[in-house]
Amino acid sequence: MAALLYTNPESTADDGQGARPLHPGGGANQLRVRAYNERLVLSLVRRNTGLSKADIARLSGLSAQTVSVIMRALEKDGLLMRGDPVRGKVGKPSIPMALDPNGVFSFGLKIGRRSAELILMDFIGKVRASLKEAYKYPTPDSIRTFVRQSVEKLSGGLSPAHQQRIAGIGIAAPFELWNWVDEVGAPAEDMSAWRDVDLIATIGEIVPFPVFQQNDATAACGAELVFGLGPNYSDFAYFFIGSFIGGGIVLNQALYTGRTGNAGAFGSMPVSSRSGHSSQLIDQASIFVLEEMLVREGRDPTLLWRDPDYWQQLGTTLDIWIDHTARSLAIAITSVCSVIDFEAVIVDGGFPRDVCARIVDATRKATLKLDLQGIEPPHIEQGAVGSAARAIGAASLPLFSRYLLDQNILFKQMN
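Note that the structure is predicted; figures quoted are calculated from it, not measured.

All right, on to the sheet that holds strand 5 (residues 127–134) then. Taken together, the five strands give an open sheet; going across it, the order is 5-4-3-6-7, and neighbouring strands pair in mixed fashion. This sheet does not close on itself; its edge strands, each paired only once, are strand 5 and strand 7 (211–215). Going from strand to strand, the sheet's axes swing by 15° on average, the running direction of each strand aside. Note that strand 6 (residues 166–173) and strand 7 share five bridges and pair parallel. Bridged to Ala-173 within strand 7 is Asn-215.

What follows is the structure, given as structure tokens:
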């Protein structure tokens, strides 16, 4: 489901797998969809704040005159802003350019099996505001209510002029929300209601701007690619540990989603259980495993989602979970890297940063204990985006659909 996330979205038609907008030409934002060369200039400036007109012309292959015309138009539309002149030894001073943070805004909605989050993000990827809601399990009605109330509240924090610059809302949600009923402890009839829900149409009924959708783990991977460690690596595998573990694949600086949009479904990978029996990674390295451990101890697992400080009180239980998660991750990483020679593996999740750091450290150690003959060990890194990666990836959908270009196109352009 990544067709419009970091590809060149000149067409907004839905091919059955891609994120499609409900209102491709309308919505509150009246800024026109940018032409290719304008997107190219905006994307180059986004990746390299401080570029001068001459730099942009060199990197884009466009003439200096063309770049000047484009930059004047983008400045007039409030998308680019000038920095202070930089004087060299000879000639006129150069003017560094940057994206105007207030040029465009977008919403990102993460729908998880234990919590929902809505963020308001600006044009440079900064989260301006966010609202969260924890629950035992999601229902279509509860999500509609959350979105309606949260969009109204977050929009109200913007000036009327800035409200007109909202490009849309992106949704990051798991494939087949109705699955794993027993694991989340939800009534089958409540979760089955999701089978007949078209999220794009449902959310489109309550917001006045374009709506896009993406698989949640793929959206998180996209956020890491654009706003995190992605620029450091040409290829990497990405694991995101939420209620259930998922992931994404980046090849040649672009998301690879596969034939059905399900590439990077690492949760289905076979690993060993604690007893040594064959199992799937989703059953060994997911937060719901920690929830089950807490329930057996008579402790409240809902605080994992409601109170981040609660993680620090888990003591030995958290230690055991981290150790087993790391050992299972190490097996999965070795398997993944035996198929594709990834330069790096990035791990992130819906928990405090120090917990993520401990998981990454333990995973590095566990990987070195495995038989790696014939495999070049990858760099195993902690994700830079953090627990909001799914919502941030979702908020990127409208931006890339209307204003920016594919990471892969830029990578080729600059090399």
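Still to come is the rest of the account.
We now examine the environment of Val-289. Within the element layout of this structure, Val-289 appears in helix 10 (residues 287–296). With 32 residues separating them in the primary sequence, Val-289 and Trp-321 have C-alpha atoms 7.8 Å apart. With residues near it in sequence (within four places) discarded, Val-289 still touches Arg-274, Asp-283, Gln-284 and Trp-321.

Read across the sheet, five strands follow the order 10-9-8-13-14 without closing on themselves; strand pairing throughout is mixed. The strands lining the two open edges of the sheet, one partner per strand, are strand 10 (254–256) and strand 14 (379–382). Across the sheet, the mean angle from the axis of one strand to that of its neighbour is 30°, orientation sign disregarded. In the sheet, strand 13 (residues 344–349) pairs with strand 14 via four bridges, with the strands oriented parallel.

Moving on: the packing of aromatic side chains. The relative placement of two aromatic rings is captured by the distance of their centres and the angle of their planes. A complete count under the given rule lists eight aromatic pairs for this structure. Plain terms: the ring middles of Phe-107 and Phe-209 are 5.8 Å apart, the flat faces sit at 25° to each other, and that makes the pair stacked. On the criterion of sequence distance, the pair formed by Phe-107 in strand 3 (residues 105–111) and Phe-209 in the loop between helix 8 (199–204) and strand 7 is long-range, its members being 102 residues apart. Seen in terms of ring centroids, Phe-239 and Phe-266 are 4.5 Å apart; in terms of plane orientation they differ by 25°. Their pairing is stacked. With Phe-239 in strand 8 (residues 236–241) and Phe-266 in the loop between strand 10 and strand 11 (270–272), this residue pair connects regions lying 27 residues apart in the sequence. Overall, Phe-239 belongs to the buried group, its relative accessible area being 0%. Using a relative accessible area of 5% as the deciding quantity, one classes Phe-266 as buried. Here the aromatic cluster, defined as three or more aromatic residues joined through ring pairs, consists of Trp-311, Trp-321 and Phe-351.

The next point concerns the packing of helix 10 against helix 12 (residues 315–339). The N-to-C vectors of helix 10 and helix 12 enclose an angle of 145°; their axes lie 10 Å apart at closest approach. Like other packed secondary-structure pairs, helix 10 and helix 12 cross with a definite hand, here right-handed. Residue-level contacts link Ile-287, Val-289, Leu-290, Met-293 and Leu-294 of helix 10 to Thr-317, Leu-318, Ile-320 and Trp-321 of helix 12. For the contact of helix 10 with helix 12, the residue count by class is eight nonpolar, one polar and no charged.

Calculation rules
- Sequence order as written defines the numbering, with residues in each chain counted from 1.
- Side-chain atom pairs in this predicted model are given and counted only at pLDDT of 80 or more, local residue features only at pLDDT of at least 70, and totals for whole chains, interfaces and linings cover all residues.
- Calculation of side-chain values draws on the structure's entire complement of heavy atoms; hydrogens and water are dropped beforehand.
- Here a strand pair is declared whenever DSSP counts at least two bridges between the two strands.
- Only DSSP runs of H or I covering at least 4 residues are called helices, and only runs of E covering at least 2 are called strands; the numbering of each starts at the N terminus.
- A fitted line through C-alpha atoms represents every axis, and for helices the fit uses only the stretch in contact; the resulting angles, taken between N-to-C directions, go from 0 to 180 degrees.
- The contact criterion used is simple: two residues touch if any of their non-hydrogen atoms lie within 4.5 Å.
- For Phe, Tyr and Trp, rings pair up if their centres lie within 6.5 Å, where Trp contributes its six-membered ring, and each pair is then called stacked (planes under 30 degrees apart), edge-to-face (over 60) or tilted (otherwise).
- Type-normalised accessible area, obtained with a 1.4 Å probe on protein chains alone, sets the label of each residue: buried when under 20%, exposed when over 50%, and partly exposed for intermediate values.
- Should the near helix be turned anticlockwise from the far one by less than a right angle, the crossing is termed left-handed; should it be turned clockwise, right-handed.
- Classification convention: Asp, Glu, Lys, Arg as charged; Ala, Val, Leu, Ile, Met, Phe, Trp, Tyr, Cys, Pro as nonpolar; all other residues, Gly among them, as polar.

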